[in-house]
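Structural overview for review
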Amino acid sequence: MSIKIKTFAALSCTLALSFGFATAAHAADANAITAKDAWVRWLPNNLPAAGYVTLVNASDKPVDLVDISSNDYGDAMLHQTVSNGSTQKMVMVDKLTVPAHGQVAIAPGGYHVMLEDAKHKVAPGDTVHLTLKFSDGETLDTPFAVKSPAQTK
Ligand SMILES: [Cu+2]
């Protein structure tokens, strides 16, 4: 019984690798989206960090950002800060559309990528990587420069 389980695990792993290569090959063809000005506002004491980036769409079709993941954080989610009179709250965002021949900024006061549960020590001066997935099948492995709150004022 334990041998069967091991075989199944090995097979799943092979399938996952194949899928990864297929995605990478497709991304090389598409390349509609580029990321610029990617940085993370770091906070001390393991508080959640916020990722910011501008996405540029060179194609003639709108492309949606549909998923974010990271090897550096257990949780990476797109949030929007919404003002409600004098209070502000964060809401989850399922997708963010990058307009054709346009760009969208994930920037302070609007959108942010909430980064929680760092998998290792992250400090200002480091570079972390976020994997951005898009509706056209494109995947961007994007380096983000980690900055302290003082560096961003
Ligand atoms: Cu948030």
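The structure this text deals with has already been given above.
Only a predicted model underlies this, so the values are computations on that prediction, with no experimental measurement involved.

Basis of the calculations
Residues numbered from 1 in each chain as written. Predicted model: local features only at pLDDT ≥ 70, side-chain atom pairs only at ≥ 80, totals over all residues. Heavy atoms only, no water. Core = buried A, V, L, I, M, F, W, Y, C linked by side-chain atoms within 4.5 Å. Buried < 20%, exposed > 50% of the residue type's maximum accessible area, 1.4 Å probe, protein only. Helix = DSSP H or I, 4+ residues; strand = E, 2+ residues; numbered from the N terminus. Contact = heavy atoms within 4.5 Å. Salt bridge = Lys/Arg side-chain N within 4 Å of Asp/Glu carboxyl O. 1 Å grid on protein atoms, 1.4 Å probe; cavity = no way out; pocket = protein on both sides within 12 Å on 5 of 7 lines; lining within 4 Å. Points joined across faces, edges and corners; volume = space filled by probe spheres on them. Nonpolar A, V, L, I, M, F, W, Y, C, P; charged D, E, K, R; others polar. Lys, Arg positive; Asp, Glu negative; His and termini not counted. Polar contact = N/O pair within 3.5 Å; in protein donor to acceptor, adjacent residues only side chain to side chain. Donors = N, O, S within 2.8 Å, 3.2 Å for Na, K, Ca; no water. Tetrahedral: all angles 85-135°; square planar, octahedral: opposite > 155°, others 65-115°.

**Quick word on the nonpolar core**
Counting 29 residues, the largest nonpolar core has Leu55, Leu65, Leu78 and Ile106 as the members making the most contacts within it. Sort the elements by how many residues they give to this core and strand β9 (residues 127-134) lands first, with four residues. Those residues in contact with Leu55, other than ones at most four positions away along the chain, are Ile33, Thr34, Ala35, Leu65, Val98, Gly102, Gln103, Val104, Ile106, Leu132 and Phe134.

**Points about the pattern of salt bridges**
This structure, assessed with the given rule, holds one salt bridge. When the shortest N-O distance is used, the salt bridge between Lys95 and Asp64 registers 3.4 Å. Residue Lys95 is found in the loop between β5 (87-92) and β6 (96-98), and its partner Asp64 is found in strand β3 (residues 63-70); the two are separated by 31 residues along the sequence. According to the relative accessible area criterion, Lys95 is partly exposed, its value standing at 48%.

**A word on the layout of surface pockets**
Where empty space is left becomes clear once a probe the size of a water molecule has been rolled over the atoms. Volume-wise, the largest pocket comes out at about 230 Å³. What lines the largest pocket is a set of 16 residues, and nearest its centre among them are Trp42, Leu43, Asn46, Leu47 and Ala118. Here the lining of the largest pocket gets four residues from one element, more than from any other, and that element is strand β8 (residues 111-118). Considered as a void within the structure, the second largest pocket measures approximately 170 Å³ in volume. Surrounding the second largest pocket, Arg41, Leu43, Pro48, Ala49, Ala50, Tyr52, Thr81, Pro108, Gly109, His112 and Met114 form its lining. Elements supplying a minimum of two residues to the lining of the second largest pocket: β2 (49-57) and β8. In terms of residue class, the lining of the second largest pocket is built from seven nonpolar, three polar and one charged.

**Here we look at the side chain of Asp72**
Counting through the fold element by element, Asp72 comes out in the loop between β3 and β4 (73-84). One buried charge, Asp72, has no salt-bridge partner; the nearest side chain with opposite charge is Lys119, at 7.9 Å. Of note is the side chain of Asp72, whose polar atom sits 2.8 Å from the side chain of His120. Here Asp72 is in contact with Ala118, Lys119, His120, Val128 and His129, once residues within four sequence places are set aside.

**Concerning unusual backbone geometry**
For Asp37, which is not glycine, the phi torsion reads 50° and is therefore positive. Even without being glycine, Asn45 reaches a positive phi, approximately 60°. By secondary structure assignment, the location of Asn45 is in the loop between β1 (33-41) and β2.

**Topic: the environment of Asp141**
In this structure, Asp141 sits in strand β10 (residues 139-147). We classify Asp141 as exposed; its relative accessible area is 53%. In the structure, Asp141 is positioned 10 residues away from Thr131 in sequence and 4.5 Å away in space, judged by C-alpha atoms. In this structure Asp141 touches His129, Leu130 and Thr131, once residues within four positions along its chain are discounted.

**Remarks on the coordination of the copper ion**
Bound to the copper ion on the protein side are His79 (ND1), Met90 (SD), His112 (NE2) and Met114 (SD), at distances that span 2.1 to 2.3 Å. Taken together, the four donor atoms coordinating the copper ion and their angles of 91 to 117° define a geometry best described as tetrahedral. All donors to the copper ion come from one chain, and their sequence spacing reads H-x10-M-x21-H-x1-M. On the criterion of sequence distance, the pair formed by His79 in strand β4 and His112 in strand β8 is long-range, its members being 33 residues apart.

**Some remarks on the environment of His112**
On the basis of relative accessibility, which here comes to 6%, the residue His112 falls in the buried class. Taking the C-alpha atoms as reference points, His112 and Thr81, separated by 31 residues in sequence, lie 7.9 Å from one another. Filtering out sequence-adjacent residues up to four positions away, His112 remains in contact with Ala50, Gly51, Tyr52, Met77, Leu78, His79, Thr81, Met90 and Ile106.

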